[in-house]
Amino acid sequence: MLIIGLTGSIATGKSTVSNFLSSPPYSIPIVDTDLLARQVVEPGTPGYKAIVNYFGPSTPDLLLPPSPDDPTGSKRPLNRPALGRRVFGTTEERKRDRMILNKIVHPAVRWEVYKSLLYYYIRGHWAVVLDVPLLFESGMDFICGTVIVVGVRDPEVQMARLRARDPHLSAEDAENRVKSQGDVKGKVEKAEFRGTQSARGVIVWNDGDKSDLEREVRKAVGTISGTSPRWWAWCLLLAPPLGVGAAVWNMAVNFVTQKNWEKRATEEKAKL
């Protein structure tokens, strides 16, 4: 089974691409880490308790007001905008808080991801999309055979889309959220370094309208399916040792690619 990592920066159109891929004619199952991240911090979960214990004392509006169905307030959900204001930004304090939040959420999300991947593998799917905003930053590209980056060439377009989608955000909040998810051009460069000819890295540009994006997705899927056909997925399912071998080979290639990327980055930094 081919694991397709899907990433991009905020408001580049990643969710729209995910919707395209999950719908006919592709119908590829999606493992959405944003959705999983919400589930692992629902009231009563270990993640919820850890967040409340750490952020609660210094964030008075961390929880939403009690609902009529919960008069005691024991099941008050997290106030996500308030938590977002606490962790998104470029100051050292916000970076530290974001790191702590990630340490709480990421391990639980990873466990849910692995369970989902196993489920779709057993069901015989030729591919599954791993939708991760911080795919490279979290290191989850390591298990992906292909990475799709949804990019926007003009940062102003990205900012305008974000504020249109979330009108409650101020210009500063929007800018902080964009910066917190990293420069999309950097993600594009990493995907290209993986290899566009072999379809290990695929770029989907979203500078136009929805029909333009749909054509980009169609072209991307055609390229990917050409290098990883459905019959190969069935071979991996019916011959588990072959599947294990293919997974180990893929991770070895990704490991070497990552080391070469780090070496290039070090050399370029030394030239400055």
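Reading the values: rules and limits
- Residues numbered from 1 in each chain as written.
- Predicted model: local features only at pLDDT ≥ 70, side-chain atom pairs only at ≥ 80, totals over all residues.
- Heavy atoms only, no water.
- Salt bridge = Lys/Arg side-chain N within 4 Å of Asp/Glu carboxyl O.
- Helix = DSSP H or I, 4+ residues; strand = E, 2+ residues; numbered from the N terminus.
- Phe/Tyr/Trp six-rings, centres within 6.5 Å; stacked < 30°, edge-to-face > 60°.
- Lys NZ or Arg CZ within 6 Å of the ring centre and 35° of its normal.
- Domains from an automatic or database assignment.
- Contact = heavy atoms within 4.5 Å.
- Buried area = accessible area lost by both parts, 1.4 Å probe.
- Polar contact = N/O pair within 3.5 Å; in protein donor to acceptor, adjacent residues only side chain to side chain.
- Patch = residues over 30% accessible without salt bridge, like charges linked within 9 Å, V, L, I, M, F, W, Y side chains within 5 Å.
- Areas by Shrake-Rupley, 256 points an atom, 1.4 Å probe, with all protein chains shown as cover.
- Buried < 20%, exposed > 50% of the residue type's maximum accessible area, 1.4 Å probe, protein only.
- UniProt positions renumbered as here; feature names shortened; annotations may be inferred.
- Axes fitted to C-alpha atoms, helices over the stretch in contact; angles between N-to-C directions.
- Parallel < 35°, antiparallel > 145°, perpendicular 65-115°, else oblique.
- Nonpolar A, V, L, I, M, F, W, Y, C, P; charged D, E, K, R; others polar.
- Pairing = 2+ DSSP bridges.

Tallying each qualifying case throughout the model produces 12 salt bridges. Between R86 and D97 there is a salt bridge whose closest N-O contact spans 2.8 Å. You can see R86 sitting in helix 4 (residues 80-87) and its partner D97 sitting in helix 5 (residues 92-122), a full 11 residues away along the chain. A salt bridge links K115 to E112, with the nearest nitrogen and oxygen atoms 3.3 Å apart. Of the two residues, K115 and E112 are both situated in helix 5; the distance of three residues between them amounts to about one turn of the helix. Residues participating in the shared-partner salt-bridge network are R86, R96 and D97.

Once that is clear, we can look at the packing of aromatic side chains. All chains considered together, the criterion is met by four aromatic pairs. Looking at R153, its charged tip hangs above the ring of W205, at a distance of 4.1 Å from the centre.

The next thing to look at is the domain arrangement of the protein. Here the protein is described as being made up of domain 1 (1-28 + 124-271) and domain 2 (38-123). Counting from both sides, the interface comprises 16 residues of domain 1 and, opposite them, 15 residues of domain 2. Taken together, both faces of the contact between domain 1 and domain 2 bury some 1,600 Å²; the carbon and sulfur share is 65%. Counting the contacts that link domain 1 with domain 2 gives six residue pairs in polar contact (both at pLDDT 80 or more).

Once that is clear, we can look at a nonpolar patch on the surface. Together, F142, F255 and V256 line one region of the surface with nonpolar side chains, adding up to about 270 Å² of accessible area. One can find F142 in the loop between helix 6 (135-138) and strand 4 (146-151). Look at F142 and you get partly exposed, because its relative accessible area is 34%.

Take the UniProt feature "transmembrane region" (unreviewed entry) in the protein next. Using the residue numbers shown here, the UniProt feature "transmembrane region" (unreviewed entry) corresponds to residues 231-256. Here residues 231-256 runs as 96% helix and 0% strand, with 27 Å between its end C-alpha atoms.

Let us now look at the side chain of D131. Tracing the chain through its elements places D131 in strand 3 (residues 127-131). On the basis of relative accessible area, D131 is assigned to the buried category, the value being 2%. Not counting residues up to four positions away in its chain, the partners in contact with D131 are L6, K14, S18, I30, V31, D32 and T33.

What follows covers unusual backbone geometry. P24 connects to P25 through a cis peptide bond whose omega is 10°. Relative to the helices and strands, P25 resides in the loop between helix 1 (14-22) and strand 2 (30-32). Positioned with a positive phi, A11 is a non-glycine residue whose angle comes to about 65°. Within the secondary structure layout, A11 lies in the loop between strand 1 (2-8) and helix 1. With a relative accessible area of 12%, A11 lands in the buried category.

What follows covers the packing of helix 11 (residues 230-238) against helix 12 (residues 240-271). Packed helices, taken two at a time, are described by the angle their axes make and the gap between the axes. The N-to-C vectors of helix 11 and helix 12 enclose an angle of 115°; their axes lie 5 Å apart at closest approach. Here helix 12 runs roughly perpendicular to helix 11, going by the angle between their axes. Packed against helix 11, whose contacting residues are W232, C235, L236, L237 and L238, the element helix 12 presents P240, L242, G243 and A246 at the interface. Tallied by class, the residues present in the contact of helix 11 with helix 12 amount to eight nonpolar, one polar and no charged.

With that settled, the discussion passes to the sheet that holds strand 2. If you trace the five strands from one edge of the open sheet to the other, you get 2-3-1-4-5, paired in parallel fashion. Each end of this open sheet is capped by a strand with a single partner; those strands are strand 2 and strand 5 (201-205). Each adjacent strand pair in this sheet contributes to an overall mean axis angle of 20°, direction not counted. Of the pairings in the sheet, the one linking strand 4 to strand 5 comprises five bridges and is parallel in character. Bridge pairing links V149 to I203 in strand 5. Across the sheet, helix 1 touches strand 1, strand 2, strand 3, strand 4 and strand 5, and the angle it forms with strand 1 is around 150°. Helix 9 (residues 184-195) rests against strand 1, strand 4 and strand 5 of the sheet, and its axis sits at about 150° to strand 4.

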